[in-house]
Amino acid sequence: MRSFLKPAAGFTCLFALATTGCSAASGPKTTGASPADDTASVTSYAPYVSAAEASATDSAGSPTTYNLAFVISDGSDCTPTWNGEDSLSDSAVKSRIARLRKAGGTVRVSFGGASGKELAATCGSATELAAAYGEALDAAGSAQADFDIEGDELTDSASVALRSNAIALLQKEREDLEVTFTLPVMPSGLDSDSLALLESANKYDVQVGTVNLMTMNYGESYTGDMGDYALTSAKAAHAQLKKVFGLSDAGAWRGMALTSMIGVNDIKGETFTLSDAAQVRTFAEEKDIAWISMWSTFRDRQCGSTSAADDAATNCSGVRQSSGAFGEALAG
């Protein structure tokens, strides 16, 4: 997913939030009901928000969690910053996080994104990388980490291994740390690079809470309905997650999250509508998917100019809507 930098070794006890029957020594403890208890778990709503800049639509849909975008390297070394610009101690960001919490949601720190350098590309060792991740989590007061890995970072096997090792080290220090991997997906499912990343997490015994699928930007040949594509992608990835992590049907659904790019996507011809949002919400509830999200609250309003519908804008959706309508639809 775009940043806000510019306008316009076999199965271990992974999926700690989704699986049952794991030993207490194998990772973070499950805090919710097991997937078999279909009366207790609810699909939550957790949109992506700018860590630095507030939006009037942040609270639409009463999010359970806010994904704070993004922590990346400062560009040259292993120093974590918000979007490569703001220090972790930035007072405006700290005030923003406090206001989001006051609105009723927890915060999840999202590392990576489509712009800048993810810390695994600039840190020299797993220990150093784990410390950088921990520093960002402490600055936000969060025990939830999202790793949005895409583009060159996804194909770099060295940084993938370094990241997995660092996360595993960090989870040994912080037993309550919940980890999400946010990965690109196609209607055919996760590609070989994404699967390799999950296998790497498995190898290093990373306790993965959810795999968040970016149901967006498929390619110019995909001219059909974006809601249908999101469901098809989820079903294909579901089979893959079962295989990679040895999960049951219910466990694989509960270990999944879905994130759509609302309105006009970056690929010409792809538009995710309010009807698509309602379709995804219904599907997520039926399958007991852990959470659904969108990119982003900053875009959840109608553009002032109709010309914006031809290109994906950073600060509006490009479709006719009332402010906050996508948040309300995805929250259900």
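Residues numbered from 1 in each chain as written. Predicted model: local features only at pLDDT ≥ 70, side-chain atom pairs only at ≥ 80, totals over all residues. Heavy atoms only, no water.

- The chain appears in an unreviewed UniProt entry as Chitinase from Streptomyces gilvifuscus.

1. A few points about the environment of threonine 81
Here's step 1: Here threonine 81 shows up in strand β4 (residues 80-82).
Here's step 2: Classification of threonine 81 by relative accessible area gives buried; the value is 8%.
Here's step 3: Once the C-alpha coordinates of threonine 81 and leucine 119 are considered, the two residues, 38 residues apart in sequence, prove to be 9.6 Å apart.
Here's step 4: With residues near it in sequence (within four places) discarded, threonine 81 still touches Phe70, Val71, Ile72, Ser73, Asp74, Asp86 and Leu88. (Helix = DSSP H or I, 4+ residues; strand = E, 2+ residues; numbered from the N terminus. Buried < 20%, exposed > 50% of the residue type's maximum accessible area, 1.4 Å probe, protein only. Contact = heavy atoms within 4.5 Å.)

2. Brief notes about the pairing of strand β8 (residues 178-184)
Here's step 1: For β8, the buried fraction is high: five of the seven residues fall into the buried class.
Here's step 2: Note that strand β7 (residues 144-148) and β8 share five bridges and pair parallel. Bridging across to β8, aspartate 148 finds its partner in threonine 182.
Here's step 3: Handedness of the crossover joining β8 and strand β9 (residues 208-215) through helix α5 (residues 192-203) is recorded here as right-handed. (Pairing = 2+ DSSP bridges. Right-handed = clockwise from strand over helix to strand, strands pointing away.)

3. With respect to helix α6 (residues 226-245)
Here's step 1: Under the 1.5 Å per step criterion, the end-to-end length of α6 is 28 Å for 20 residues, consistent within 8% with the ideal 28 Å.
Here's step 2: Among the residues of α6, the N-terminal cap falls to aspartate 225, whose side-chain oxygen and the backbone nitrogen of glycine 227 are separated by 3.0 Å.
Here's step 3: Downstream of α6 by one or two residues, glycine 246 has phi in the positive range, about 65°. (Expected span 1.5 Å × (residues − 1). Polar contact = N/O pair within 3.5 Å; in protein donor to acceptor, adjacent residues only side chain to side chain.)

4. Concerning the pattern of salt bridges
Here's step 1: A full pass over the atoms with the stated rule returns six salt bridges.
Here's step 2: Here arginine 163 makes a salt bridge to glutamate 118, at a shortest N to O gap of 3.1 Å. Here arginine 163, found in helix α4 (residues 157-173), pairs with glutamate 118, found in the loop between β6 (106-112) and α2 (126-140); they are 45 residues apart in sequence, far enough to count as distant. The burial state of arginine 163 is the same as that of glutamate 118; both residues are buried. (Salt bridge = Lys/Arg side-chain N within 4 Å of Asp/Glu carboxyl O.)

5. Things to note about the nonpolar core
Here's step 1: By size, the foremost hydrophobic cluster in this structure holds 77 residues, and its most contacted members are Phe111, Tyr133, Phe181 and Leu198.
Here's step 2: The biggest single contributor to this core is α6, with nine residues.
Here's step 3: Residues within four places of phenylalanine 181 in sequence aside, it is in contact with Asp146, Phe147, Arg163, Ile167, Leu197, Leu198, Ala201, Val206, Val208, Thr210, Val211 and Asn212.
Here's step 4: Membership of the second largest hydrophobic core comes to 11 residues, among which are Met1, Tyr48, Trp295 and Ala312. (Core = buried A, V, L, I, M, F, W, Y, C linked by side-chain atoms within 4.5 Å.)

6. Section: the packing of aromatic side chains
Here's step 1: A complete count under the given rule lists 12 aromatic pairs for this structure.
Here's step 2: Relative to tryptophan 295, the ring of phenylalanine 70 has its centre 5.7 Å away and its plane inclined at 20°; by these criteria the two rings are stacked. Here phenylalanine 70, found in strand β3 (residues 65-73), pairs with tryptophan 295, found in strand β13 (residues 291-295); they are 225 residues apart in sequence, far enough to count as distant. As far as the burial class goes, phenylalanine 70 and tryptophan 295 line up, both buried.
Here's step 3: When the ring of tyrosine 218 is compared with that of tyrosine 229, the centres are 5.5 Å apart and the planes differ by 70°; the resulting orientation is edge-to-face. Pair noted here: tyrosine 218 is in the loop between β9 and α6 and tyrosine 229 is in helix α6, with a separation of 11 residues, a long-range link.
Here's step 4: Residue tyrosine 218 is classed as buried on the basis of its relative accessible area, which comes to 6%.
Here's step 5: A network of ring pairs unites the aromatic residues Phe111, Tyr133, Phe147 and Phe181 as a single cluster.
Here's step 6: Taking NZ or CZ as reference, arginine 108 lies 4.3 Å from the ring centre of tryptophan 291, over its face. (Phe/Tyr/Trp six-rings, centres within 6.5 Å; stacked < 30°, edge-to-face > 60°. Lys NZ or Arg CZ within 6 Å of the ring centre and 35° of its normal.)

7. Thoughts on the pairing of strand β10 (residues 256-261)
Here's step 1: Counting buried residues in β10 gives six out of six residues, a clear majority hidden from the surface.
Here's step 2: Of the two faces of β10, the one holding Met256, Leu258 and Ser260 and the one holding Ala257, Thr259 and Met261 are both buried throughout.
Here's step 3: Pairing of β9 with β10 involves five bridges; the strand directions are parallel. Paired with valine 211 across the two strands is methionine 256, which belongs to β10.

8. Remarks on the side chain of asparagine 212
Here's step 1: The topology assignment puts asparagine 212 in strand β9.
Here's step 2: For asparagine 212, a relative accessible area of 0% corresponds to the buried category.
Here's step 3: In terms of polar contacts, asparagine 212 uses its side chain to reach the side chain of threonine 182, at 3.0 Å.

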